[in-house]
Amino acid sequence: MSNQAPNQARVIPLRPKSTPAPAPAAPVAPARPAPREPLFRDLVGDVLRRERLAQERTLKDVADAARISMPYLSELERGRKEASSEVLAAAAGALGLGLGDLLSLAQNELTRHTRSRTRGRTTTSAPYNGLCLAA
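About the criteria used
Residues numbered from 1 in each chain as written. Predicted model: local features only at pLDDT ≥ 70, side-chain atom pairs only at ≥ 80, totals over all residues. Heavy atoms only, no water. Helix = DSSP H or I, 4+ residues; strand = E, 2+ residues; numbered from the N terminus. Buried < 20%, exposed > 50% of the residue type's maximum accessible area, 1.4 Å probe, protein only. Contact = heavy atoms within 4.5 Å. Areas by Shrake-Rupley, 256 points an atom, 1.4 Å probe, with all protein chains shown as cover. Core = buried A, V, L, I, M, F, W, Y, C linked by side-chain atoms within 4.5 Å. 1 Å grid on protein atoms, 1.4 Å probe; cavity = no way out; pocket = protein on both sides within 12 Å on 5 of 7 lines; lining within 4 Å. Points joined across faces, edges and corners; volume = space filled by probe spheres on them. Nonpolar A, V, L, I, M, F, W, Y, C, P; charged D, E, K, R; others polar. Salt bridge = Lys/Arg side-chain N within 4 Å of Asp/Glu carboxyl O.

Participant: Report on the overall build of the chain, specifying residues and quantitative values.
Facilitator: The helix and strand tally for the chain stands at 5 helices and 0 strands. For the chain, the N- to C-terminal ordering of α and β elements is α-α-α-α-α. Looking at the chain residue by residue over its 135 residues, the buried ones come to 22%. Contacts spanning at least 24 positions in sequence make up 61% of the contacts within the chain whose residues lie at least 6 apart. Accessible surface, the chain as shown: approximately 10,900 Å² in total, 56% of it carbon and sulfur.

Given below as structure tokens:
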């Protein structure tokens, strides 16, 4: 039986008493975040801009030829918008490229970017440079 009187309230702590914080450990160098893979829209945008500038053409000229707005083409080049295949084909066509040419150039950019990131390290990717055979 309890030593307390039956009408006396008991206090039940909701949280356990806090324990002192442990001493801080030696400072650890922050881990470097893993480099992020480039986005498809960034790769395509880089190719569009590079091709336009190589031809010494303006945004307005290419946008008019592709029948898309100049601000939209600018956003595509900066990787701010995801374009449909129709828009990409129109922009590529305005630059004298086919959609396959545009995608091939973007794939080359991705390969170059990946190689620069993995130089000096062993990778686990297949050594077939994108070639895949299926049965």
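We are not done yet, so read on.
Participant: Outline unusual backbone geometry, supporting the account with residue identities and numerical values.
Facilitator: The residue glutamate 56 is not glycine, and still its phi comes out positive at about 55°. Position of glutamate 56 among the secondary structure elements: in the loop between helix H1 (40-54) and helix H2 (59-66). Despite not being glycine, arginine 67 has its phi angle at roughly 60°, a positive value. Counting through the fold element by element, arginine 67 comes out in the loop between H2 and helix H3 (70-77). On the basis of relative accessible area, arginine 67 is assigned to the exposed category, the value being 78%.

Participant: Summarise the nonpolar core; cite the residues concerned and give the values.
Facilitator: Grouped together as the largest cluster of nonpolar side chains are 19 residues, with contacts concentrated most on Val44, Leu48, Ile68 and Leu102. Of all the secondary structure elements, the ones that give two or more residues to this core are H1, H2, H3, helix H4 (85-94) and helix H5 (99-118). Element by element, the count of residues in this core is highest for H4, at 5 residues. Setting aside residues up to four positions removed in sequence, leucine 48 forms contacts with Leu76, Glu77, Ala91, Ala92, Leu95 and Leu102.

Participant: Account for empty space enclosed by the protein, with residues named and values stated.
Facilitator: What the rule picks out here adds up to 1 cavity of 30 Å³ or more. The wall of the largest cavity is formed by Phe40, Arg41, Val44, Gly45, Leu48, Leu76, Lys81, Glu82, Ala83 and Leu88. Broken down by element, the residue count for the lining of the largest cavity peaks at 5 residues, all from H1. Classifying every residue of the lining of the largest cavity gives 6 nonpolar, 1 polar and 3 charged.

Participant: If you had to explain the pattern of salt bridges to someone new, which residues and values would you point to?
Facilitator: The full count for this structure, using the stated rule, is 8 salt bridges. Glutamate 77 is the salt-bridge partner of arginine 49, the closest N and O atoms lying 3.1 Å from each other. Of the two residues, arginine 49 is situated in helix H1 and glutamate 77 in helix H3; the sequence distance between them amounts to 28 residues. Residue class for arginine 49 comes out partly exposed when judged on its relative accessible area of 30%.

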